[in-house]
Each structure stands twice: as structure tokens, then as C-alpha cells.
Amino acid sequence: MLYALICTDKPGALQVRLDNRAAHLEFLKGLGEGLKAAGPFLDDDGNMTGSLVVIEAANRDEALAISQEDPYAHADLFESVEIRPWNWAVKNPEAK
């Protein structure tokens, strides 16, 4: 099943994000085929303020465990992380 990780940064935490970005991107690459999509949320000025990460996991507990291994989580960047089951209904390259 696919899960959307909807992550909101703590206010004023842009430098924490920037300091840990390379490790975060390496972590995402390490998820291999389990990573379906990822990218930052932006404010009106184009500054990163959060993340959307879509992963494949067996269940919510596995999705939570993956989210907790992210270097951003270790750096305490996020004010909140919402984990929601997601159905990729449109433009899914894996759909039959």
C-alpha cells in the first residue's frame, strides 16, 4: 500500500533543513523502489517549509518506522508528520 508522509517543518527551521538536506536525499535514494515520489512544500517566497514523501509500505506501522529513520526526523525538523494511506489513481506509471 502507498502512504503519503505529510511533514510540516517547525517555524524558523529552514537552516536545520538545509544542514540535513544531503543526508535526507541520500536516505530517500536508499529507499529504492519503495520511494514513489518526494519533494518539499514551499512558501510564497520559494523557501522549503515541509515535505511530501510517498512510499510503499506493508502497513502504517512500517510507514511510521521508515519516517522515523529520515535524517530530518533525527534532526527534529518536523513540527508534525501525518501518515495517510494514498491511492495513486491518476498518472500512476505502475498502473495497468
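Structure: see above.
Since this is a predicted model, take the numbers as computed values, not measurements.

J.: Quick rundown of unusual backbone geometry? Include the residues and the values.
T.: Positive phi is not limited to glycine here, since D76 has a value of about 60°. Relative to the helices and strands, D76 resides in the loop between α3 (71-74) and β4 (78-86). Residue classification places D76 among the partly exposed residues on the basis of a relative accessible area of 47%.

J.: So what about the side chain of S51? Which residues, and what values?
T.: By secondary structure assignment, the location of S51 is in strand β3 (residues 48-56). The exposure class assigned to S51 is buried, which follows from its relative accessible area of 3%. Here the side chain of S51 touches R17 through a polar contact of 3.0 Å, side chain to side chain. Not counting the four nearest positions on each side in its chain, S51 is found in contact with L5, I6, C7, R17, G39, P40, F41, Y72 and F78.

Each value, and the rule that gives it
- Residues numbered from 1 in each chain as written.
- Predicted model: local features only at pLDDT ≥ 70, side-chain atom pairs only at ≥ 80, totals over all residues.
- Heavy atoms only, no water.
- Helix = DSSP H or I, 4+ residues; strand = E, 2+ residues; numbered from the N terminus.
- Buried < 20%, exposed > 50% of the residue type's maximum accessible area, 1.4 Å probe, protein only.
- Polar contact = N/O pair within 3.5 Å; in protein donor to acceptor, adjacent residues only side chain to side chain.
- Contact = heavy atoms within 4.5 Å.

Interpretation note: all reported values are geometric properties and have no functional meaning in isolation.
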